[in-house]
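Residues per chain are reported as follows:
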Amino acid sequence: MKKTLMTWLAAALLALPLWPLSAQAAGYTQTAYPIVLVHGLFGFDNIGPVEYFYGIPSALRADGAKVFVVQVSAANSTEVRGEQLLTQVKQILAATGAAKVNLMGHSHGGPTSRYVASVRPDLVASVTSIGGVNKGSAVADLILGVAPAGSFSNTVLVSITNGLGTIIDFLSGGAGQTQNSLAAAQSLSTAGSAQFNAAHPEGVPTTACGEGAYTARGVAYYSWSGAKPYTNLLDVMDPALALTSLAFSGAKNDGLVSSCSSRLGRVIRDDYAMNHMDEVNQTIGLVNLFETNPVTLFRQQANRLKNAGL
Ligand code: CA
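All values reported here derive from a predicted model rather than from experimental measurement.

1. With respect to the overall build of the protein
The helix and strand tally for the protein stands at 11 helices and 7 strands. Within the protein, the proportion of its 310 residues that are buried is 53%. Of the contacts made within the protein by residues no fewer than 6 positions apart, 77% connect residues no fewer than 24 positions apart. Total accessible area on the protein stands at roughly 13400 Å², and carbon and sulfur atoms take up 62% of it.

Here is the structure:
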């Protein structure tokens, strides 16, 4: 009797610390609706579109999420990319039998997802914008030559251009879909974004750097972003992002998007110690070791959606 009790006690003690862990892991990312990951400007034709969100789909699937990674035009207007995404969302709904999807978009994938939620809110449960270009990018303004005249010295301008060249070489064009870099730059400029926001205002902060509506037309809106251009000595992208970050004249940014521009709906945070590439766990997992891992942020967001019944 005594021995049985001791055995039981020992077993209970061993199981105790394990119980809450396994309870958290099982179904932690099991959202009610499928998660659709939407890439940003440029595709990764050297490593494939799926790996744009490096290691993220598998990490979400591991604890119950249904995850789809779409491919739209790497460089094109938000509306063109948005229509391509809408077509793929309908295919996902048909294939899964789900009524809605949870869209998670990085960079230009933020506004692209917003387009679909704006024209077909009935098909979208939530939009999560990660490093999203919601109010334009100073880098796009520079490409179009619409940055305030005389705001940069020639040396700084050359640095920014060199940094951008490196980034574009690295990201290179996506395959199979129409590319239109000028249309992309216009969509990503401050003026182009303002025009898009006038037609599709859902979730966009009405103040310069506030939060937006948490829910609009039945769709929940969330966002997060990094604000540290240089985070890892081993990542070849970091020096380039440090150069393009000069375009923001000191405003908080992730190298390509300012913190204020990233804000949409409920702002989870706009200043993680991450750059634009870290936000999707690039380059191949080389991120800031002293910050929450980006994969963890995606998992936490899936759990947030799950807890919201989405
Ligand atoms: Ca990185």
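2. Digging into the state of the cysteines
Two cysteines form a disulfide when their sulfur atoms are joined by a covalent bond. The final tally for this structure, using the stated rule, is 1 disulfide. Shown here is the disulfide that connects C209 with C260, its sulfur atoms set 2.1 Å apart. Because the sign of the S-S torsion sets the handedness, a value of about -90° for the bond joining C209 and C260 places this disulfide among the left-handed ones. Taken together, the residues C209 in the loop between α8 (190–199) and β5 (215–216) and C260 in helix α10 (residues 259–262) connect sequence positions 51 residues apart. The exposure class assigned to C260 is partly exposed, which follows from its relative accessible area of 30%.

3. Let's talk about helix α4 (residues 109–119)
Most of α4 is tucked away, with 10 of its 11 residues classed as buried. Restricting attention to buried positions, one finds in α4 the residues G109, G110, P111, T112, S113, R114, Y115, V116, A117 and S118. Structurally, α4 contributes buried residues whose contacts are with β1 (35–38), α3 (78–96), β3 (101–106), β4 (124–130), α8 and β6 (219–226).

4. Some remarks on the coordination of the calcium ion
Within the first shell, the calcium ion binds the protein through D235 (OD), D278 (OD), Q282 (O) and L286 (O), at distances of 2.2 to 2.5 Å. Written as a sequence motif, the donor residues of the calcium ion are D-x42-D-x3-Q-x3-L. Of this pair, D235 sits in the loop between β6 and α9 (237–244) while L286 sits in the loop between β7 (266–272) and α11 (294–307); the two residues are 51 residues apart in sequence, bridging distant segments of the chain. Judged by its relative accessible area of 25%, L286 falls in the partly exposed class.

5. Thoughts on the pairing of β1
On β1, burial covers both faces: I35 and L37 on one face and V36 and V38 on the other are all buried. As paired strands, β1 and β3 are joined by 4 bridges and run parallel to one another. Across the sheet, V36 pairs through a bridge with L103, a residue of β3.

6. A closer look at the packing of α3 against α4
Between α3 and α4, the least distance of the axes is 8 Å, while the angle of their chain directions is 65°. In the crossing of α3 with α4, the sense of the turn from one axis to the other is right-handed. Between α3 and α4, the residues in contact are T78, E79, R81, G82, E83, L85 and L86 and G109, P111, T112, S113, Y115, V116 and V119, respectively. Of the residues that constitute the contact of α3 with α4, the class distribution is 6 nonpolar, 5 polar and 3 charged.

7. Some remarks on the packing of helix α7 (residues 181–188) against α8
At their nearest, the axes of α7 and α8 sit 4 Å apart, and the two run at 75° to each other. Classified by the angle between their axes, α7 and α8 sit roughly perpendicular to one another. Note on element contacts: α8 touches α7 through T190, G192 and S193, opposite Q186, S187 and L188. Taken together, the residues of the contact of α7 with α8 break down into 1 nonpolar, 5 polar and no charged.

8. Details of the confidence of the model for the protein
Per-residue pLDDT for the protein averages 88, and the proportion of residues at 70 or more is 85%. Per-element confidence in the protein ranges from a low mean pLDDT of 52 for helix α1 (residues 2–25) to a high of 99 for β4. Note on residues 16–23: pLDDT under 50 across the span, and 0 contacts to partners over four residues away in sequence or across chains.

9. Points about empty space enclosed by the protein
Overall, the coordinates contain 1 cavity of 30 Å³ or more when judged by the stated rule. Put simply, the largest cavity is a space of about 40 Å³. In terms of lining residues, the largest cavity is bounded by T78, H108, P111, R114, V133, N134, S187, L188, G192, S193, F196 and N197. Looking at the lining of the largest cavity, the elements with two or more residues in it are α4, α7 and α8. Top element by residues in the lining of the largest cavity is α8. It accounts for 4 residues. Here the residues of the lining of the largest cavity sort into 4 nonpolar, 7 polar and 1 charged.

10. Focus: the packing of aromatic side chains
For any pair of aromatic rings, geometry is given as the distance between the ring centres together with the angle between the planes. By the definition in use, this model includes 3 aromatic pairs. Taken together, a centroid distance of 5.1 Å and an interplanar angle of 55° make the contact between Y52 and F53 tilted. Taken as a pair, Y52 and F53 share a single burial class, namely buried. Note on F53 and F298: the rings are 6.1 Å apart at their centroids and 85° apart in plane angle, and the pair reads as edge-to-face. Of the two residues, F53 sits in the loop between β1 and α2 (56–61) while F298 sits in helix α11, which places them 245 residues apart along the sequence. Accessibility expressed as a relative area gives 0% for F53, which makes it buried. Overall, F298 belongs to the buried group, its relative accessible area being 0%. The cationic tip of R269 hangs over the ring face of Y272; the distance from NZ or CZ to the ring centre is 4.2 Å.

About the thresholds
- Residues numbered from 1 in each chain as written.
- Predicted model: local features only at pLDDT ≥ 70, side-chain atom pairs only at ≥ 80, totals over all residues.
- Heavy atoms only, no water.
- Helix = DSSP H or I, 4+ residues; strand = E, 2+ residues; numbered from the N terminus.
- Buried < 20%, exposed > 50% of the residue type's maximum accessible area, 1.4 Å probe, protein only.
- Contact = heavy atoms within 4.5 Å.
- Areas by Shrake-Rupley, 256 points an atom, 1.4 Å probe, with all protein chains shown as cover.
- Disulfide = S-S within 2.5 Å.
- Donors = N, O, S within 2.8 Å, 3.2 Å for Na, K, Ca; no water.
- Pairing = 2+ DSSP bridges.
- Axes fitted to C-alpha atoms, helices over the stretch in contact; angles between N-to-C directions.
- Left-handed = near helix turned anticlockwise from the far one by under 90°.
- Nonpolar A, V, L, I, M, F, W, Y, C, P; charged D, E, K, R; others polar.
- Parallel < 35°, antiparallel > 145°, perpendicular 65-115°, else oblique.
- pLDDT = per-residue confidence, 0-100.
- 1 Å grid on protein atoms, 1.4 Å probe; cavity = no way out; pocket = protein on both sides within 12 Å on 5 of 7 lines; lining within 4 Å.
- Points joined across faces, edges and corners; volume = space filled by probe spheres on them.
- Phe/Tyr/Trp six-rings, centres within 6.5 Å; stacked < 30°, edge-to-face > 60°.
- Lys NZ or Arg CZ within 6 Å of the ring centre and 35° of its normal.

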